[in-house]
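Below, each chain spelled out in residue letters.
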Amino acid sequence: MNTLLSIEKRNKVLLNMATLLEQERDAIISINKKDLENYKGEDISMYDRLKVDDSKVDEMIKSVTHLASQDDPVGVERFSFKHDNGMQVYNKTASFGTVLIIYESRPDVTVEAAGIAFKSGNKILLKGGKESTTSNLKIVELWHQALKNNGVSTDWVEYLQFNRTETQAFLENPTQKVDLIVPRGGERLIAFVKEHATCPVIISGRGNNFVFVQKEADTQIALDVIINAKTAKISACNALDKVLIDKNLPNKDAFIKTLISKLKEFDVEILGDEALSKYEGVAPIESDDIWYQEFLDFKIVIAEIGSNEDTIAMINKYSGGHSSSIITKNDAVAEIFMKNVDNAAVYHNASTRFTDGSQLGLGGELAISTDKLHQRGPIGLQHLVTNKWYIHGSGQIR
């Protein structure tokens with residue numbers, strides 16, 4: 001077991017990592033180009049996540065620099081009391097120990113998620129996808145340099161070059177202690193980890209996010225939100241997949257035609273229910289199964305809906321438990337929607353794209369959890385801790 005590093009030492013490593021990322025910026029981008037050239041898949045969202053450009057490196061640097069400025073999440077007092085017998089009792093946050101992060105495609109996870117886990121006092125095991133191996137190994141090399149520059153063992157950050165069979169074997173029978181696993185990727189990866197893991201797993205679940213255009217909506221806000229949530233970043237789990245339009249929306253026909261036109265400007269494939277598929281450019285829905293799907297693509301489903309109650313029921317049935325938004329001028333209706341939609345993040349007149357640790361004030365995120373234990377939504381630095389009890393006595397017995 002690695003002894004907990006002082007907060008000063010952890011911060012120095014993070015700041016040194018920021019310096020190294022800047023120094024090696026061109027090398028990282030150049031090496032990443034090899035991963036992009038070698039990627040033979042058809043998945044445009046996977047390709048988008050794989051790509052590292054100047055803005056991605058900027059985000060990595062910003063992430064570790066911000067982490068170094070944040071308070072230590074370990075040893076924070078959560079509760080205390082003095083027992084009748086004189087014992088002083090405290091409950092304080094504590095690091096998990098060793099965190100395994102299994103992820104697909106995204107080299108930035110090698111910096112951002114590992115940085116959060118490291119700042120939280122954990123040893124990091126990284127298992128990236130084969131499509132990003134070259135990029136990941138370069139970034140891990142920088143982690144090791146930052147650790148060595150500060151007199152810290154490189155054991156704190158370890159990269160596991162396992163194939164699928166080796167990964168399964170490690171999950172089922174780890175060759176070293178693992179306290180927590182965080183899978184970052186699609187539904188197949190998450191299902192694979194859940195099936196084989198023998199320790200706790202934080203489920204970073206599917207998106208399949210909804211926008212409800214209620215009958216009292218500001219239609220310009222509705223258009224802006226839908227276009228942003230659908231097209232700004234299709235590879236993000238907070239992107240939009242489904243739109244429900246109140247059948248009593250005034251000027252509904254004009255709104256739908258404008259929405260279709262704007263989506264077509266971005267080459268979005270539009271599928272619709274019976275009411276929507278009558279419009280030019282909208283294909284009919286062939287199976288209700290599509291309502292469960294997260295697309296991660298330029299694809300959207302639009303339907304009419306009869307009531308606020310029906311909307312809430314539909315979202316709770318089909319969504320991934322991630323994010324949903326209501327567009328309405330009626331605050332009372334919005335409040336009912338937000339209280340009853342069973343998602344990690346609920347919005348009123350805003351885009352689902354804000355479900356992100358940096359956007360919601362956490363400075364970054366390890367993952368976005370759709371579980372209800374132990375933290376829901378973006379998991380930031382302050383959430384990647386467990387707790388333990390400290391009891392000080394003077395010989396008390398029970």
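Residues numbered from 1 in each chain as written. Predicted model: local features only at pLDDT ≥ 70, side-chain atom pairs only at ≥ 80, totals over all residues. Heavy atoms only, no water.

Q: How would you sum up the environment of Ser287? Please name residues and give values.
A: You can see Ser287 is positioned in the loop between strand E10 (282-284) and strand E11 (299-305). Distance in space between the C-alpha atoms of Ser287 and Lys329 is 33 Å, their sequence separation being 42 residues. (Helix = DSSP H or I, 4+ residues; strand = E, 2+ residues; numbered from the N terminus.)

Q: Hey, could you go over the sheet that holds strand E2 (residues 88-94) for me, with residue numbers and the actual values?
A: If you walk across this open sheet you meet the 3 strands as E1-E2-E16, and the pairing is antiparallel. Edge positions in the open sheet fall to strand E1 (77-82) and strand E16 (386-392), since each of these has one partner strand only. On average, each strand axis in the sheet is inclined to that of its neighbour by 15°, with strand direction left out of account. Where E2 meets E16, 7 bridges bridge the pair, whose relative direction is antiparallel. What sits directly across from Val89, in E16, is Ile391. (Pairing = 2+ DSSP bridges. Axes fitted to C-alpha atoms, helices over the stretch in contact; angles between N-to-C directions.)

Q: Before we move on, can you summarise the nonpolar core with the specific residues and values?
A: Side chains of nonpolar character tend, in soluble globular proteins, to be buried together. Ranked by size, the top nonpolar core spans 47 residues in total, and within it Met17, Leu21, Ile101, Leu126 and Trp143 carry the most contacts. Examining the composition of this core, we find that 7 residues originate from one element, helix H5 (residues 109-119), more than from any other. Discounting residues that sit within four places of it in the chain, Leu21 has contacts with Ile28, Val57, Met60, Ile61, Val64, Val111 and Leu142. With 26 residues, the next largest nonpolar core counts Val213, Leu259, Val268 and Ile302 among its residues. (Core = buried A, V, L, I, M, F, W, Y, C linked by side-chain atoms within 4.5 Å. Buried < 20%, exposed > 50% of the residue type's maximum accessible area, 1.4 Å probe, protein only. Contact = heavy atoms within 4.5 Å.)

Q: An account of the packing of aromatic side chains is requested, with residue identities and associated values reported.
A: Taken as a whole, this structure holds 10 aromatic pairs when the rule is applied. The interplanar angle of 40° and the centroid separation of 6.3 Å between the aromatic rings of Tyr39 and Tyr47 together place this pair among those described as tilted. With relative accessibility at 17%, the residue Tyr39 sits in the buried group. For the pair Phe118 and Trp156, a centre-to-centre distance of 6.2 Å together with 90° between the ring planes defines the contact as edge-to-face. Of this pair, Phe118 sits in helix H5 while Trp156 sits in the loop between helix H6 (133-149) and strand E5 (157-159), placing them 38 residues apart in sequence. (Phe/Tyr/Trp six-rings, centres within 6.5 Å; stacked < 30°, edge-to-face > 60°.)

Q: Can you tell me about the environment of Asp342, naming the residues and giving the values?
A: With respect to the helices and strands, Asp342 occurs in the loop between helix H12 (331-340) and strand E13 (345-348). Asp342 gets classed as partly exposed once you look at its relative accessible area, which sits at 36%. Between the C-alpha atoms of Asp342 and Leu271, which are 71 residues apart in sequence, the distance is 25 Å. Other than its neighbours up to four places away in sequence, Asp342 contacts Asn316, Gly321, Lys372 and Arg376. A distance of 3.1 Å separates a polar atom in the side chain of Asp342 from a polar atom in the side chain of Lys372. (Polar contact = N/O pair within 3.5 Å; in protein donor to acceptor, adjacent residues only side chain to side chain.)

Q: Provide a residue-level description of the pairing of strand E8 (residues 240-246), including the pertinent values.
A: Taking burial as the measure, the 7 residues of E8 include 7 buried ones, the bulk of the element. Both strand E7 (residues 209-213) and E8 contribute to a ladder of 5 bridges, which runs parallel. In the strand pairing of E8, Asn209 is matched with Leu240. Once the chain exits E7 it traverses helix H9 (residues 219-231) before rejoining the sheet at E8, and the crossover so formed is right-handed. Of the strand pairs in this sheet, E8 and E11 are connected by 5 bridges, and their pairing is parallel. (Right-handed = clockwise from strand over helix to strand, strands pointing away.)

Q: An account of the packing of helix H1 (residues 7-23) against H6 is requested, with residue identities and associated values reported.
A: Orientation of H1 relative to H6, taken along the N-to-C sense of each, is 130°, at an axis distance of 9 Å. With respect to their mutual orientation, H1 and H6 come out oblique. The element H1 and its partner H6 pack so that their crossing is right-handed. When H1 is examined against H6, the residues Val13, Leu14, Asn16, Met17, Leu20 and Leu21 are found in contact with a partner set consisting of Ile139, Leu142, Trp143, Gln145, Ala146, Leu147 and Asn149. Split by residue class, the contact of H1 with H6 holds 10 nonpolar, 3 polar and no charged. (Parallel < 35°, antiparallel > 145°, perpendicular 65-115°, else oblique. Left-handed = near helix turned anticlockwise from the far one by under 90°. Nonpolar A, V, L, I, M, F, W, Y, C, P; charged D, E, K, R; others polar.)

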